[in-house]
Amino acid sequence: MHKRALIFTIGLQGPCKEKQMKLSHRHPCRMRITGKWIVPVLLAALLALPSMVSAQTISDECASCHNEQFQQWKASGHPYKLMKGDIAQNRPIPLPEGYTWDEISYVIGGYKWKSRYMDKDGYIITEGKGDVPGNTQYNMLTGEWVDYHADDPNGTRPYNCGSCHTTGWVANDNPDDTSGNQEGLPGLWGKFDAGGIQCVACHTEHGLIDNTSEACGTCHHRTAAPGETNVIPASSGYIKHHEQYNEFLASGAHGENLECTSCHNPHMKSEFSIKEGA
């Protein structure tokens, strides 16, 4: 009496991939597994899947009813504030000199302005491997590499920016206890449900959590100098980034019963977000 066997193909490449639909039961590219091994093998296959794939796409289920808003959001920068390295490597994002994707746990940004990189321990990379120290932040609009805290040795710059880069961020007030760090990484000082700003960051299942300008301002602002209020932070004559709420307060528009969403569609990328008639 012959035992039943589960026969399937795993990771077909090259000639085997081309013959995927024509393989005989004796072809070397097929694998025969007897009944007692079916469950362990299937469990191993599931565990081999990228651990954060589902977490990077928790907004997908919203698309079935809200496809227009979902597609607008998908084209914006919100989903891409923090990406796993195995996801980011499929986007047009270069690496600091001397690094490979096997050394990158997460990419910070990488959508339109700039990208920074986290090592396998979750620390932000500050030192490149080239002849010149630094050069670990890539500025996408200029195509240039610049320093990011190049005076700090690698392995000393933790990531604690998840409140505006992730969804469901819970900071770890005691980062030495790595049980409160994402994936137990010593340099990633907190946990989150998903990278990027997902739908549930601003919405309940069927409604808004908060659509006030103050809600937008929790991330789209920059702290002013001590004693200064309603100022627009600048350096060397240039306005700094993520200070839109500062501009809003400084403009006086907030006294006219206006909110950010009075003029902007928050689902869309910024340059296309101005509502008709605004």
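Thresholds, definitions, all that
- Residues numbered from 1 in each chain as written.
- Predicted model: local features only at pLDDT ≥ 70, side-chain atom pairs only at ≥ 80, totals over all residues.
- Heavy atoms only, no water.
- Helix = DSSP H or I, 4+ residues; strand = E, 2+ residues; numbered from the N terminus.
- Buried < 20%, exposed > 50% of the residue type's maximum accessible area, 1.4 Å probe, protein only.
- Contact = heavy atoms within 4.5 Å.
- Areas by Shrake-Rupley, 256 points an atom, 1.4 Å probe, with all protein chains shown as cover.
- Disulfide = S-S within 2.5 Å.
- Phe/Tyr/Trp six-rings, centres within 6.5 Å; stacked < 30°, edge-to-face > 60°.
- Lys NZ or Arg CZ within 6 Å of the ring centre and 35° of its normal.
- pLDDT = per-residue confidence, 0-100.
- Arc of directions from axis to C-beta.
- Pairing = 2+ DSSP bridges.
- Axes fitted to C-alpha atoms, helices over the stretch in contact; angles between N-to-C directions.

Draft legend 1. Main features of the overall build of the protein. Helix and strand content of the protein: 9 helices and 15 strands. Here the protein holds 278 residues, and the buried ones make up 31% of them. If you take every contact in the protein between residues at least 6 apart in sequence, the share linking residues at least 24 apart comes to 50%. Split by element, the accessible area of the protein, about 17,500 Å² in all, is 54% carbon and sulfur.

Draft legend 2. Focus on the state of the cysteines. The full count for this structure, using the stated rule, is 1 disulfide. Looking at C216, it has no disulfide partner, and the nearest cysteine sulfur is the one in C260, 4.2 Å off. Judged by its relative accessible area of 24%, C216 falls in the partly exposed class.

Draft legend 3. Layout of the packing of aromatic side chains. Tallied over the entire structure, the rule returns 8 aromatic pairs. On the basis of an interplanar angle of 20 degrees and a centroid distance of 6.2 Å, the ring pair of Y245 and F248 is categorised as stacked. In this pair, Y245 and F248 are both assigned in helix α8 (residues 244–251), 3 residues apart and thus about one turn of the helix distant. Across this residue pair, the class does not change: Y245 and F248 are buried. Taken together, the aromatic side chains of Y106, Y159, W169 and F192 make up a single cluster linked through ring pairs. Sitting above the plane of the Y80 ring, R91 keeps its charged end 4.3 Å from the centroid. Seen from the ring of Y99, K129 lies directly overhead, with NZ or CZ sitting 4.5 Å from the centre.

Draft legend 4. Structural view of the confidence of the model for the protein. Counting all residues, the mean pLDDT for the protein is 81, and 78% of those residues have values of 70 or more. Every residue in residues 1–34 scores below 50 in pLDDT, and together they form 35 contacts with partners more than four places removed in sequence or on other chains. Counting contacts from residues 38–56, a segment whose pLDDT is below 50, to residues more than four positions away or on other chains yields 22 contacts.

Draft legend 5. A look at the environment of V200. Counting through the fold element by element, V200 comes out in the loop between β11 (194–195) and β12 (203–204). Distance in space between the C-alpha atoms of V200 and S59 is 7.5 Å, their sequence separation being 141 residues. Sequence-distant contacts of V200, that is, excluding residues within four places in its chain, are made with I58, T167 and I209.

Draft legend 6. Layout of helix α4 (residues 67–74). Of the positions making up α4, those classed as buried are F70, Q72 and W73. One side of α4 carries all its buried residues, which in axial view fall inside an arc of 165 degrees.

Draft legend 7. Layout of the sheet that holds strand β3 (residues 82–84). The strand order across the open sheet formed by 5 strands is β3-β4-β5-β6-β7, and the pairing between neighbours is antiparallel. The sheet terminates laterally at β3 and β7 (144–146), the two strands that pair on one side only. Strand-to-strand twist in this sheet, taken as the mean axis angle between neighbours without regard to direction, amounts to 25 degrees.

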